[in-house]
Amino acid sequence: MPSPGAPLSEWLTWLESLHPDEIELGLDRVRAVLDRLDLKLPEHVLTIAGTNGKGSSVAMADALLRAAGYRVGAYTSPHIVAYNERIALSTGGNGLEPGGRQLVADARITAAFERIEAVRDGVPLTYFEYGTLAAFVIFSAADLDVWILEVGMGGRLDASNAINPTAALITNVALDHCDWLGEDIETIAHEKAGVMRPGIPVVFGGPDVPQAIIEHAKSVGARLLLRDRDYSLDGVPRPGLQGEFQVGNAAAVLALLAAAGLSAAVDTALVAAVLPDVHLEGRGQKVVEEGVEWLLDVAHNPAAAAELGATLAAENRPGRSITIIGALADKDIEGVAGPLDDHTDLWIAVTADSHRGMPAAELARRVANVTNRPCLIADSLDIAMGEARREAGSGDRILVTGSFYIVGPVLQALGLYSPPVS
């Protein structure tokens, strides 16, 4: 265990070695430690699950609630660059502009880790479970009105589900994390439906509702709210986030807040003022460098890639497009590369900055097989970016996609990332 006052980096290194598995679904261990922590809970806990759009939905809910004057804690994962991104605290706004939002400082996170370790008493926790409990500790001490908890994986057995929500949102269901959640939509939907509780409102954000979602809501007595039946996209302002699909995410967030009784956050004038200014790092983020557009998007599964492909098609840019791709070893590379190939003139594969990263040579082979075109292999991200810059001219685009672990380092390399407080 790190010594008192040890830096956050030392704690994170220790946590990575604490449990043999980075992922081990199940709530018994987390609940055992949570009971010992004896935390004060807020009036409202909003749990946001789903395959894609969770981060965007958290960002929109957070901004709307802050603008309405609520004190909010938002927990998300994974982070793009710095661990602190996972835990944010805010104070209320003035009815038009969101109140301040600050990532939690290193010292506050390490103090939460120390408190958890003091009561853990040998209960094995994964890196993710430890971090989730730390967010709970920090939020409890901050005396907030609302906690927004993003589910890391699935729902039923995810550590974020150890606390009963007062309302929940399932953004959509698509194929991802199949090794853990199941090989088909209905099985995955059953896992995500695990965030439901008797009597609480649960919004489903996608247009196509899996039967498992409907059946589970009935079996537990949750109040299921569906698009085009219980709420609609009519009149919802376009968020500042890229992609037409974000209007659907915004509509689902508004339905969640309204169903939760947080009516001040869905005031028409407030929504119109706040949503267009919501942005999120690594989600359709753009910057122009010497006439070349860099587009960074963390799409890492087929459904997200299809939405990104649709957005690129709608833009219909005249120049060439170079795609730098990195991915984790468990991802459906063919399903990600396929929807993007019509918008790519040159592929460059690089190993994602993670011990679970797919080797660039294997990634390039699979991209080439599905696109029937060569894919360059870069030995490092610097080499990949250098090759892309050499290939791109004024009016061209460089797309960086496939993983948080590739987008984050590029954000840093382009000078687009602001480090959190320490």
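To start, this report covers the structure provided alongside it. (Residues numbered from 1 in each chain as written. Predicted model: local features only at pLDDT ≥ 70, side-chain atom pairs only at ≥ 80, totals over all residues. Heavy atoms only, no water.)

Re the overall build of the protein chain
Regarding its fold elements, the protein chain presents 15 helices and 14 strands. Rg of the C-alpha trace for the protein chain: 21 Å, near the compact-globule value of 22 Å for 422 residues, within the 12% margin. If one aligns the C-alpha atoms of the protein chain with their principal axes, the spans along those axes are about 55 × 55 × 40 Å. Taken as a whole, the protein chain presents about 16,600 Å² of accessible surface, with 49% of it coming from carbon and sulfur. Counting 32 positive and 55 negative side-chain charges, the protein chain places the centres of these two groups 3 Å from one another. (Helix = DSSP H or I, 4+ residues; strand = E, 2+ residues; numbered from the N terminus. Rg over C-alpha atoms; globule rule 2.2 N^0.38 Å. Areas by Shrake-Rupley, 256 points an atom, 1.4 Å probe, with all protein chains shown as cover. Lys, Arg positive; Asp, Glu negative; His and termini not counted. Charge placed at Lys NZ, Arg CZ, Asp CG, Glu CD.)

Section: the environment of Pro198
Residue position: Pro198 is located in the loop between α7 (185-192) and β7 (201-204). Exposure remark for Pro198: the relative accessible area of 62% places this residue in the exposed category. For the pair Pro198 and Ala217, spaced 19 residues apart in sequence, the C-alpha to C-alpha distance is 8.3 Å. Beyond its immediate stretch of four places on either side in the chain, Pro198 contacts Val220, Gly221 and Ala222. (Buried < 20%, exposed > 50% of the residue type's maximum accessible area, 1.4 Å probe, protein only. Contact = heavy atoms within 4.5 Å.)

Points about helix α9 (residues 245-259)
Between the first and last C-alpha of α9 there are 22 Å, a value that for 15 residues agrees with the 21 Å anticipated at 1.5 Å per step. Here α9 lies mainly inside the structure; 12 of its 15 residues are buried. Within the span of α9, buried status applies to Gln246, Val247, Gly248, Asn249, Ala250, Ala251, Ala252, Val253, Leu254, Ala255, Leu256 and Leu257. Where α9 is buried, its residues contact β1 (44-49), α3 (54-67), β6 (167-170), β7, β8 (223-226) and α10 (268-274). Just downstream of α9 lies Gly261, where phi reads positive at about 85°. (Expected span 1.5 Å × (residues − 1).)

As for the sheet that holds strand β14 (residues 397-401)
As a general point, the strands of a sheet are linked pairwise by backbone hydrogen bonds and lie either parallel or antiparallel. Read across the open sheet, the six strands follow the order β9-β10-β14-β11-β12-β13; overall the sheet is mixed. Bordering the open sheet on either side are β9 (285-289) and β13 (375-377), each of which pairs with just one other strand. Within this sheet the neighbouring strands show an average axis-to-axis angle of 20°, counted without direction. Together, β11 (321-325), β12 (346-349) and β14 form the strand contacts of helix α12 (residues 333-341), whose direction differs from that of β12 by roughly 155°. (Pairing = 2+ DSSP bridges. Axes fitted to C-alpha atoms, helices over the stretch in contact; angles between N-to-C directions.)

Some thoughts on the pairing of strand β10 (residues 292-296)
Taking burial as the measure, the five residues of β10 include five buried ones, the bulk of the element. Covered by surrounding structure in β10 are Val292, Trp294 and Leu296 together with Glu293 and Leu295, the residues of both alternating faces. Looking at chain direction, β9 and β10 are connected through five bridges and run antiparallel. Counted as the bridge partner of Val288 is Glu293 from β10. Counted along the chain from β9 to the antiparallel partner β10, the turn is two residues long, and its residue Glu290 has a positive phi close to 50°.

Thoughts on the sheet that holds β6
The eight strands lie next to each other as β4-β3-β2-β5-β1-β6-β7-β8, forming an open sheet whose pairing is mixed. Across the chains shown, the open sheet's two edge strands, defined by having one partner strand only, are β4 (101-103) and β8. In this sheet, adjacent strand axes meet at a mean angle of 20° when their direction is disregarded. For strand β3 (residues 87-90) and β4, the ladder comprises three bridges, and the chain directions are antiparallel. Bridge assignment links Leu89 to a residue of β4, and that residue is Gln102. With respect to the sheet, helix α5 (residues 127-142) is in contact with β2 (72-75), β3 and β5 (146-150), its orientation differing from that of β3 by roughly 15°. The sheet contacts of α9 involve β1, β6, β7 and β8, and relative to β6 the element is tilted by about 165°.

A look at the pattern of salt bridges
Per the counting criterion, the structure on display carries 16 salt bridges. Asp230 is paired through a salt bridge with Arg229; the nearest N and O atoms lie 2.8 Å apart. A residue is classified by how much of its surface remains accessible, and Asp230, at 39% relative accessible area, is partly exposed. Of the charged contacts in the structure, one is a salt bridge between Glu362 and Arg365, with a shortest N-O distance of 2.7 Å. (Salt bridge = Lys/Arg side-chain N within 4 Å of Asp/Glu carboxyl O.)

Details of the packing of helix α4 (residues 106-120) against α5
It is at 9 Å that the axes of α4 and α5 come closest, and there the two elements cross at 110°. The pairing of α4 with α5 is recorded here as roughly perpendicular in orientation. On α5, the residues touching Arg108, Ile109, Ala112, Phe113, Arg115, Ile116, Glu117 and Arg120 of α4 are Tyr130, Gly131, Leu133, Ala134, Val137, Ile138 and Ala142. In terms of residue class, the contact of α4 with α5 is made up of 10 nonpolar, one polar and four charged. (Parallel < 35°, antiparallel > 145°, perpendicular 65-115°, else oblique. Nonpolar A, V, L, I, M, F, W, Y, C, P; charged D, E, K, R; others polar.)

Structural notes on the nonpolar core
Of all hydrophobic cores here, the largest spans 41 residues; its most connected members are Phe113, Ile116, Leu133 and Phe139. Residue assignment for this core shows that the elements contributing at least two residues are α1 (8-18), α2 (28-37), β3, α4, α5 and β5. Sort the elements by how many residues they give to this core and α5 lands first, with 11 residues. Sequence-distant contacts of Leu133, defined by excluding residues within four places in its chain, comprise Val30, Val33, Leu34, Leu37, Ile116 and Leu125. Grouped together as the second largest cluster of nonpolar side chains are 39 residues, Ala59, Ala61, Leu64 and Leu65 included. (Core = buried A, V, L, I, M, F, W, Y, C linked by side-chain atoms within 4.5 Å.)

Purely geometric numbers; function is a separate question.
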